[in-house]
Amino acid sequence: MNIQRILTDPKMVILAVAGGFLIGLFAPSLGEALYPVGSIYIAFLSMCLLPILITAIIVGIAGLLRDDNTRPLFKPMAGLYLVGLILPCVVGIATALILAPGIGLGPEAEQSIGALIIESPSAGKSDGGILSFLVQIIPTNPFEALSANDVMSIVFLSVCIGLALGVIRREAAEPALKVSQAVYDAFMQLFRWAILVLAPGLLLFISGVVAQIDAKVLLALTKFVITF
């Protein structure tokens, strides 16, 4: 077994995550020293994900609509996509209700989590149900949505562009699709290179994150992390 297979083996990734927790818990000074390197790795991964997401949606939807053989499959695949959106929500809600990670905590755990919640910035809550949600995900300024890393708005924008390019029959749409495909291929190659060192990258990053978290808070969140 070569070094590439060893580093990308799922068991090695799990060991790296466990090793990162152990280093952060029992050698926090070492974890904090390793954290900057791990942060660089995670930042590189994050750099690749958004361009891959955007171009994959655009090329995928436009390719389905422009091909006479795959166009009839678009409606069934759109239905499956909706199911794919709803099913994880149902599973997540059911898991939270059944396992109840916030119930049965001791007084110290409740105090630690309460202090963490108070210190966290409050997120604005909007009323209005599904219509308000749709208003929020439609980006009035696409460039602002991209710079703010607003994933839902970016996905909505990408779907709209993919649909538009898919129904445009003129040759003018071909260069845009070729550029999108080229960007997708380039960032996927960068992502493949990054995945080769996923295990050590996670070990460095997690050790630093755990080292910066209070031990009481970490223990209080253990059940939540396992449930998640």
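How each quantity is defined
Residues numbered from 1 in each chain as written. Predicted model: local features only at pLDDT ≥ 70, side-chain atom pairs only at ≥ 80, totals over all residues. Heavy atoms only, no water. Axes fitted to C-alpha atoms, helices over the stretch in contact; angles between N-to-C directions. Helix = DSSP H or I, 4+ residues; strand = E, 2+ residues; numbered from the N terminus. Parallel < 35°, antiparallel > 145°, perpendicular 65-115°, else oblique. Left-handed = near helix turned anticlockwise from the far one by under 90°. Contact = heavy atoms within 4.5 Å. Nonpolar A, V, L, I, M, F, W, Y, C, P; charged D, E, K, R; others polar. Buried < 20%, exposed > 50% of the residue type's maximum accessible area, 1.4 Å probe, protein only. Salt bridge = Lys/Arg side-chain N within 4 Å of Asp/Glu carboxyl O. Core = buried A, V, L, I, M, F, W, Y, C linked by side-chain atoms within 4.5 Å. Expected span 1.5 Å × (residues − 1). pLDDT = per-residue confidence, 0-100. Patch = residues over 30% accessible without salt bridge, like charges linked within 9 Å, V, L, I, M, F, W, Y side chains within 5 Å. Areas by Shrake-Rupley, 256 points an atom, 1.4 Å probe, with all protein chains shown as cover. Arc of directions from axis to C-beta.

**With respect to the packing of helix H3 (residues 28–66) against helix H10 (residues 198–212)**
Two quantities define a packed helix pair, namely the angle between the axes and the distance from one axis to the other.
1) Next: H10 packs onto H3 with a crossing angle of 125 degrees between their chain directions and a minimal axis gap of 6 Å. Between H3 and H10, the angle falls in the class oblique. For H3 against H10, the interelement crossing comes out left-handed. Facing Pro28, Gly31, Glu32, Leu34, Tyr35, Val37, Gly38, Ser39, Tyr41, Ile42 and Leu45 of H3, the residues of H10 in contact are Leu198, Gly201, Leu202, Leu204, Phe205, Ser207, Gly208, Val209, Ala211 and Gln212.
2) Next: Its residues placed into classes, the contact of H3 with H10 shows 13 nonpolar, seven polar and one charged.

**A short note on the side chain of Ser180**
1) Next: Considering the arrangement of structural elements, one finds Ser180 in helix H9 (residues 173–195).
2) Next: Overall, Ser180 belongs to the buried group, its relative accessible area being 11%.
3) Next: Those residues in contact with Ser180, other than ones at most four positions away along the chain, are Thr55, Ile58 and Val59.

**Examining the pattern of salt bridges**
1) Next: Under the criterion given, the structure shown has three salt bridges.
2) Next: A salt bridge links Lys11 to Asp9; the nearest nitrogen and oxygen atoms lie 3.3 Å apart.
3) Next: Residue Glu174 pairs with Arg66 through a salt bridge whose shortest N-O separation is 2.6 Å. Taken as a pair, Glu174 in helix H9 and Arg66 in helix H3 lie far apart in primary sequence, 108 residues in all.

**Considering the nonpolar core**
1) Next: By size, the foremost hydrophobic cluster in this structure holds eleven residues: Val13, Ala16, Tyr41, Leu45, Ala194, Leu198, Ala199, Leu202, Ile206, Val210 and Leu218.
2) Next: Of all elements in the fold, only helix H2 (10–26), H3 and H10 reach the threshold of two or more residues within this core.
3) Next: If one sorts the elements of this core by residue count, H10 sits on top with five residues.
4) Next: Those residues in contact with Ile206, other than ones at most four positions away along the chain, are Val17, Gly20 and Phe21.
5) Next: Of all hydrophobic cores here, the second largest spans eight residues; its members include Leu50, Ile154, Ala173 and Leu177.

**Let's talk about the environment of Tyr35**
1) Next: The topology assignment puts Tyr35 in helix H3.
2) Next: You can call Tyr35 partly exposed: its relative accessible area is 25%.
3) Next: Linking Tyr35 and Gly24, residues eleven residues apart in sequence, is a C-alpha distance of 9.8 Å.
4) Next: Aside from chain neighbours lying at most four places away, what touches Tyr35 is Leu204, Phe205, Gly208, Val209 and Gln212.

**Notes on helix H4 (residues 74–99)**
1) Next: With 26 residues, H4 extends 38 Å from end C-alpha to end C-alpha; this agrees with the ideal 38 Å at 1.5 Å per step.
2) Next: At the C-terminal side of H4, Ala100 shows a positive phi close to 45 degrees.

**What to know about the confidence of the model for the protein chain**
1) Next: Across the protein chain, the average pLDDT comes to 87, with 95% of residues at or above 70.
2) Next: Per-element mean pLDDT across the protein chain ranges from 70 in helix H11 (residues 215–220) up to 95 in H9.

**A closer look at the packing of H3 against H9**
1) Next: Contact pair H3 / H9: the axes reach a minimum separation of 8 Å and the direction vectors enclose 145 degrees. As H3 runs across H9, the sense of the crossing is left-handed.

**So, the environment of Ile103**
1) Next: Looking at the secondary structure, you find Ile103 in the loop between H4 and helix H5 (107–119).
2) Next: Looking at Ile103, the relative accessible area reads 62%, which means it is exposed.
3) Next: Separated by 120 residues in the primary sequence, Ile103 and Lys223 have C-alpha atoms spaced 9.7 Å apart.

**Looking at a nonpolar patch on the surface**
1) Next: Taken together, the side chains of Tyr81, Leu82, Leu85, Ile86 and Val90 define a hydrophobic patch exposed on the protein surface, amounting to about 500 Å² of accessible area.
2) Next: Inspection of the secondary structure assignment puts Tyr81 in helix H4.
3) Next: The class of Tyr81 is partly exposed, set by a relative accessible area of 48%.

**Here we look at H5**
The periodicity of an α-helix, 3.6 residues per turn, causes residues three or four places apart in sequence to face the same way.
1) Next: The end-to-end C-alpha distance of H5, which contains 13 residues, comes to 18 Å, matching closely the 18 Å that a straight helix rising 1.5 Å per residue would cover.
2) Next: What H5 keeps buried is the set Ala109, Ser112 and Ile113. Taken around the axis of H5, the buried residues stretch over an arc of 90 degrees, which confines them to a single face. Across H5 from its buried face, at more than 90 degrees, point the exposed residues Pro107, Glu108, Gln111 and Ile118.

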